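Structure at a glance
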Amino acid sequence: MTGTLTPVATEALEIEGLAVEVDGTRILDGVDLRVPRGEVHALMGPNGSGKSTLAYTVLGHPKYRVVAGDCRWGGISLLAQTPDERARRGLFLSLQYPTAIPGVSVVNFLRAALKAHGRDLPARELLMTLRRELEALKMDSAFLSRYINDGFSGGEKKRMEIVQLAVLRPALAILDETDSGLDVDALRTVAEGVNRVRGADMGILIITHYQRILDYVTPDRVHVMAAGRVIASGGRELVDRIEREGYDRLLQAAGLEPSRLEGAGSAASA
Amino acid sequence: MAVAAKDLTKDYQFGFNDGEVYVFKAAKGLSREVVADISRRKSEPAWMLAYRLKALEHFQRRPLPTWGADLSELDFDDIYYYVRPAEEQGRTWDEVPAAIKQTFDRLGIPEAERKYLAGVSAQYESEVVYHSINKDLERQGVIFCDCDTGLREHEDIFRQYFGTVVPPNDNKFAALNSSVWSGGSFVYVPKGVRVEIPLQAYFRINSESMGQFERTLIIAEEGSFVHYVEGCTAPTYSRDSLHSAVVEIIAQPGAHVRYTTIQNWSTNVYNLVTKRAIAKAGATVQWVDGNLGSKVTAKYPSIYLMGEGAHGEILSVAFAGDGQHQDAGGKCIHVAPNTTSTIVSKSVSKGTGRTSYRGHLKVHPRAHGVRSTVRCDALLLDESARSDTYPYMDIEADDVEIGHEATVSKVGDEQLFYLGSRGISEQEATAMVVNGFIEPFTKELPMEYAVELNRLIALQMEGSVG
Ligand SMILES: Nc1ncnc2c1ncn2[C@@H]1O[C@H](COP(=O)(O)OP(=O)(O)O)[C@@H](O)[C@H]1O
Ligand SMILES: [Mg+2]
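Conventions and cut-offs
- Residues numbered from 1 in each chain as written.
- Chains lettered and ligands numbered in written order.
- Predicted model: local features only at pLDDT ≥ 70, side-chain atom pairs only at ≥ 80, totals over all residues.
- Heavy atoms only, no water.
- Helix = DSSP H or I, 4+ residues; strand = E, 2+ residues; numbered from the N terminus.
- Rg over C-alpha atoms; globule rule 2.2 N^0.38 Å.
- Buried < 20%, exposed > 50% of the residue type's maximum accessible area, 1.4 Å probe, protein only.
- Contact = heavy atoms within 4.5 Å.
- Core = buried A, V, L, I, M, F, W, Y, C linked by side-chain atoms within 4.5 Å.
- Domains from an automatic or database assignment.
- Pairing = 2+ DSSP bridges.
- Axes fitted to C-alpha atoms, helices over the stretch in contact; angles between N-to-C directions.
- Donors = N, O, S within 2.8 Å, 3.2 Å for Na, K, Ca; no water.
- Parallel < 35°, antiparallel > 145°, perpendicular 65-115°, else oblique.
- Left-handed = near helix turned anticlockwise from the far one by under 90°.
- Near = heavy atom within 4 Å.
- Polar contact = N/O pair within 3.5 Å; in protein donor to acceptor, adjacent residues only side chain to side chain.
- Nonpolar A, V, L, I, M, F, W, Y, C, P; charged D, E, K, R; others polar.
- Buried area = accessible area lost by both parts, 1.4 Å probe.
- Salt bridge = Lys/Arg side-chain N within 4 Å of Asp/Glu carboxyl O.
- Patch = residues over 30% accessible without salt bridge, like charges linked within 9 Å, V, L, I, M, F, W, Y side chains within 5 Å.
- Areas by Shrake-Rupley, 256 points an atom, 1.4 Å probe, with all protein chains shown as cover.
- Disulfide = S-S within 2.5 Å.
- Lys, Arg positive; Asp, Glu negative; His and termini not counted.
- Charge placed at Lys NZ, Arg CZ, Asp CG, Glu CD.
- 1 Å grid on protein atoms, 1.4 Å probe; cavity = no way out; pocket = protein on both sides within 12 Å on 5 of 7 lines; lining within 4 Å.
- Points joined across faces, edges and corners; volume = space filled by probe spheres on them.

Attention now moves to the overall build of chain A. Per the secondary structure count, chain A includes 9 helices and 10 strands. In summary, chain A has a C-alpha radius of gyration of 18 Å against a globular reference of 18 Å for 270 residues, a match within 12%. Dimensions of chain A along its principal axes, counting C-alpha atoms only, are 55 × 40 × 35 Å. Sorting the 270 residues of chain A into buried and exposed places 54% on the buried side. Sequence separation of 24 or more characterises 66% of the internal contacts of chain A that already satisfy a separation of 6 or more.

A:Leu54, A:Val58 and B:Phe104 are the most contacted members of the largest nonpolar core, which totals 136 residues. When residues of this core are sorted by domain, at least three fall in each of domain 1 (5–299) and domain 2 (414–466) of chain B. When near neighbours in sequence (up to four residues on either side) are disregarded, A:Val58 contacts A:Leu13, A:Ile15, A:Cys71, A:Leu78, A:Arg86, A:Leu91 and A:Ile174. If you look at the next biggest cluster of nonpolar residues, it comprises 45 residues, including B:Phe144, B:Val195, B:Phe203 and B:Trp265.

Now for the sheet that holds strand E6 (residues 91–94) of chain A. Sheet strands pair by backbone hydrogen bonding; their relative direction is either parallel or antiparallel. Residues and elements named next belong to chain A. Judged by pairing direction, the sheet is mixed, and its 6 strands sit side by side in the order E6-E7-E8-E3-E9-E10 without closing on themselves. For this open sheet the edge positions go to E6 and strand E10 (229–234), each flanked by a neighbour on one side alone. Direction aside, neighbouring strands of the sheet carry axes that sit 20 degrees apart on average. Where strand E3 (residues 40–44) meets strand E9 (residues 221–226), 4 bridges bridge the pair, whose relative direction is parallel. Bridged to Leu-43 within E9 is His-223. Its contacts with the sheet place helix H5 (residues 154–168) against E6 and strand E7 (172–176), and it is angled at close to 165 degrees to E6.

All of the protein donors around the magnesium ion (ligand 2) are A:Ser52 (OG) and A:Gln96 (OE1); their distances to the metal are 2.1 to 2.3 Å. Remark: A:Gln96 occurs in the loop between E6 and helix H3 (106–116) and A:Ser52 occurs in helix H1 (residues 51–59); sequence separation between them is 44 residues.

Residue and element names in this part refer to chain B. At their nearest, the axes of helix H10 (residues 413–420) and helix H11 (residues 426–437) sit 9 Å apart, and the two run at 120 degrees to each other. As far as their axial angle goes, H11 and H10 are oblique. The hand of the H10/H11 crossing is right-handed. Facing Gln-415, Leu-416 and Leu-419 of H10, the residues of H11 in contact are Glu-426, Ala-429, Thr-430, Met-432 and Val-433.

Take the site of ligand 1 next. Residue and element names in this part refer to chain A. As a matter of local geometry, ligand 1 sits amid Val-22, Asp-23, Thr-25, Ile-27, Pro-46, Asn-47, Gly-48, Ser-49, Gly-50, Lys-51, Ser-52 and Thr-53. For ligand 1, a nitrogen atom lies 2.9 Å from a polar atom in the side chain of Asp-23. The contact in question runs from an oxygen atom of ligand 1 to an N or O atom on the backbone of Ser-49, over 3.2 Å. Among the elements of the structure, strand E2 (25–36) and H1 are those that each provide at least two residues to the shell around ligand 1. For the shell around ligand 1, the element with the highest residue contribution is H1, accounting for 3 residues. Across the shell around ligand 1, the residue classes tally to 3 nonpolar, 7 polar and 2 charged.

To continue, consider the domain arrangement of chain B. Residue and element names in this part refer to chain B. Examined at the domain level, chain B breaks down into domain 1 (5–299) and domain 2 (414–466). Using C-alpha coordinates to define each centre, domain 1 is positioned 30 Å away from domain 2. With both chains or domains summed, domain 1 and domain 2 bury close to 1,300 Å², and 64% of this area falls on carbon and sulfur atoms. Where domain 1 touches domain 2, the interface holds 1 salt bridge. Where domain 1 meets domain 2, there are 2 residue pairs in polar contact (both at pLDDT 80 or more). Those elements that place two or more of their residues in the side of domain 1 that touches domain 2 are strand E10 (225–233), strand E13 (256–263) and strand E15 (284–291). Of the residues in the side of domain 1 that touches domain 2, the class split is 8 nonpolar, 6 polar and 3 charged.

We now examine the interface of chain B and chain A. The partner chain A presents 32 residues to the 18 residues of chain B that form the contact. Roughly 1,900 Å² of surface becomes buried between chain B and chain A when both sides are summed, with 65% attributable to carbon and sulfur atoms. Looking at the side of chain B facing chain A, the largest losses of area belong to B:Phe417, B:Tyr418 and B:Arg422, adding up to 41% of the total buried there. Across the chain B-chain A interface, the total number found is 1 salt bridge. Note that A:Glu161 and B:Arg422 form a salt bridge whose closest N and O atoms lie 2.8 Å from each other. Viewed at the interface, chain A and chain B are joined by 11 residue pairs in polar contact (both at pLDDT 80 or more). Those elements giving two or more residues to the side of chain B that touches chain A turn out to be H10 and H11 of chain B.

Next up on the list: the pattern of salt bridges. Residues and elements named next belong to chain B. Using the criterion set out here, one finds 49 salt bridges over all chains in the structure. Across the salt bridge formed by Asp-136 and Arg-139, the nearest N and O atoms sit 2.6 Å from each other. Here Arg-139 and Asp-136 lie together in helix H6 (residues 135–139), a separation of 3 residues that amounts to about one turn. Among the residues examined, Asp-136 registers a relative accessible area of 44% and is labelled partly exposed. Arg-139 gets classed as exposed once you look at its relative accessible area, which sits at 65%. With a shortest N-O distance of 3.9 Å, Glu-383 and Lys-410 are connected by a salt bridge.

A word on a nonpolar patch on the surface. A cluster of nonpolar residues, B:Met393, B:Ile395 and B:Ile402, forms a patch on the protein surface that exposes about 200 Å² of accessible area. Positionally, B:Ile395 belongs in strand E23 (residues 386–395).

This part takes up the environment of A:Leu54. Residue and element names in this part refer to chain A. Here Leu-54 shows up in helix H1. With a relative accessible area of 1%, Leu-54 lands in the buried category. In contact with Leu-54, not counting residues within four places along its chain, are Ile-15, Leu-18, Leu-28, Val-31, Leu-33, Leu-43 and Met-225.

Right, let's talk about the state of the cysteines for a bit. Residue and element names in this part refer to chain B. Taken as a whole, this structure holds 0 disulfides over all chains when the rule is applied. In this structure Cys-232 is a free cysteine whose sulfur lies 17 Å from that of Cys-147, the closest cysteine sulfur available. Residue classification places Cys-232 among the buried residues on the basis of a relative accessible area of 5%.

In this section: the sheet that holds E2(A). All names here are of chain A. Judged by pairing direction, the sheet is antiparallel, and its 4 strands sit side by side in the order E2-E1-E4-E5 without closing on themselves. This sheet does not close on itself; its edge strands, each paired only once, are E2 and strand E5 (76–77). Lying on the sheet, H1 is in contact with strand E1 (12–22), E2 and strand E4 (64–73); it crosses E1 at an angle near 110 degrees.

All names here are of chain B. The grouping of Glu-87, Glu-88, Asp-94 and Glu-95 at the surface amounts to a negative patch. By the element assignment, Glu-88 lies in the loop between strand E2 (83–84) and helix H4 (98–106). What makes Glu-88 exposed here is its relative accessible area of 62%.

This paragraph deals with the layout of surface pockets. Volume-wise, the largest pocket comes out at about 850 Å³. Around the largest pocket sit 29 residues that line it, and A:Asn108, A:Arg111, B:Met432, B:Asn435 and B:Asn454 are the ones nearest its centre. Listed by contribution, the elements that provide at least two residues to the lining of the largest pocket are H3 of chain A together with H11, helix H12 (439–442) and helix H13 (447–461) of chain B. Here the lining of the largest pocket takes 7 residues from H13(B), the largest share from any one element.

Shown next, in the form of structure tokens:
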């Protein structure tokens, strides 16, 4: 690779030969991926291909053990850092299944998160900001005093993740299937939320296995993952191709057997 | 044990020791002479001396209870049973000896008094050294003083109720308290009077091997309301101290008494307390009981629902760190029909800490239409932490509605990761999860106490993450 010869022009998430095990089972098997700040990339792939594993690993979930390769942000390896250190360096993950924390209100949760990021807003300003972002995601301000994700519907949890994205304004955001389980209106609201924060300051990796959200949020690049590796990368046209053909031809081209992969081939039909 | 207790001092901010301050200190150990001397120094009527001596006999006769927390290291001969810190009780803080005032300053009591309290009592060792009450309340006939003053100046009311809720032979520690009691609070709220701002008592043990035996008696007449709050701390020593209080509450018909405790003794204190209330027809009694400190706590606040339509609530939270055992719980005894009760217990165990919930729900045969719910939730922070529940139910009536639920959970990796992914450190995240867990308790506290409790939990979390 040329990484050592070319100076890093912009900050980027650089994943190189990343191999990861969960409970002794190899899940990621040499992932290469680069997402620079200011670009929106899509990561597609059939169910079980390792997309969430990659997202969790980038943020440092303790369950995921890196056995080879590296993962850097701004040229510095993330691997020795705890999740909170990574988050404070500008990383953010919208979880596929956001966790409930009973007893911790949305306000207190976000106040603590902002404070951790060195932005201890005065109460008035904090409330104004939160109300504004909730409104943008079409959520009632009553959510402020509810416990974070506790008893939220699937769609409310996803929208709350985007509220957090908008409030925290990370340098690199990974959105893990933020689109799944949403009806058309909610999907559009979430997509608009992403478009609002999108800009030169933020790199975004949208993990999805449907093209739906990409109709609203146009990606600069598209990657396809299968069996723990990135098997294809390209422009927007890759999305259309998957839409037409499913994943089978891409898998075959990569020397993988389609039938063995759960969800393969049917991903585009939903 | 002493070593383990000392190691904890770094986390305990109230463990400072301002040196010994006293004008009289009885010899160590317990005897008829010590009891008689306490009574003489207090110039008590003869009936009280007789009462004390009889209680002492009960205490000496009764074996140490073995059904609960381990008390085998408790040495009754290595305890000072009476230490008089000052000659006179102060009505202003300037009248309190400087060294003692300094202690309470460091604990923030005078400041809290200025900001949000209607009355304050500050006990240091065996005696209340400072006392004040809002003049308006005094004019409405509210009495708030230490129990010794209660006996001296209001003997008729005092004698009518003292020992009627917790008799001296109730249990070994009630007998001990009844024989050597000193200080505590006497509260009397006349019919229909509402004390809207909390009355607070603050208990401080200062010297090593100290025994503190305050006695509290609260009488709320018909339709009245009072909220009494108590807090307590002690310096950390390698030798154990003993705190053994008795609290009696009488809520007359339609009265409402709320009693809030934030117990934060140092981890060398045995905290063995008997708290019991009687609720007459239509009365409400609430125990809001927070246990953070002590080496061993054995405390099961109870409510006897004696009159039709009475309501009782026991809301408790226990936090046990390394080497601590919080053996807490609650008892509701439904004697009258259509009475209701709720018991909610939340416990958190960390390191080698141990919490137990011990509950008793009893419904007498004639008590029809009773409704009660019991809920205990335990949160374990470490593999070595332990939690047990001993819910005991004794239902003798037919048409009752009883709900019972118990859960044990661990602070999940997923919760810590989620908070971590938002930039929040593991230590702070753990404190947030714990504070969230006890939120149903915290939200019942006056705001100032809620903030303080959350801060104490955060302190307990410090140094807990490697
Ligand atoms: N604890 C585990 N032990 C073994 N395999 C696991 C474990 N957890 C997840 N996996 C497997 O890892 C693979 C990748 O999962 P995941 O990253 O969630 O995929 P995706 O997000 O692409 O659907 C799946 O085949 C899943 O079954
Ligand atoms: Mg996934």
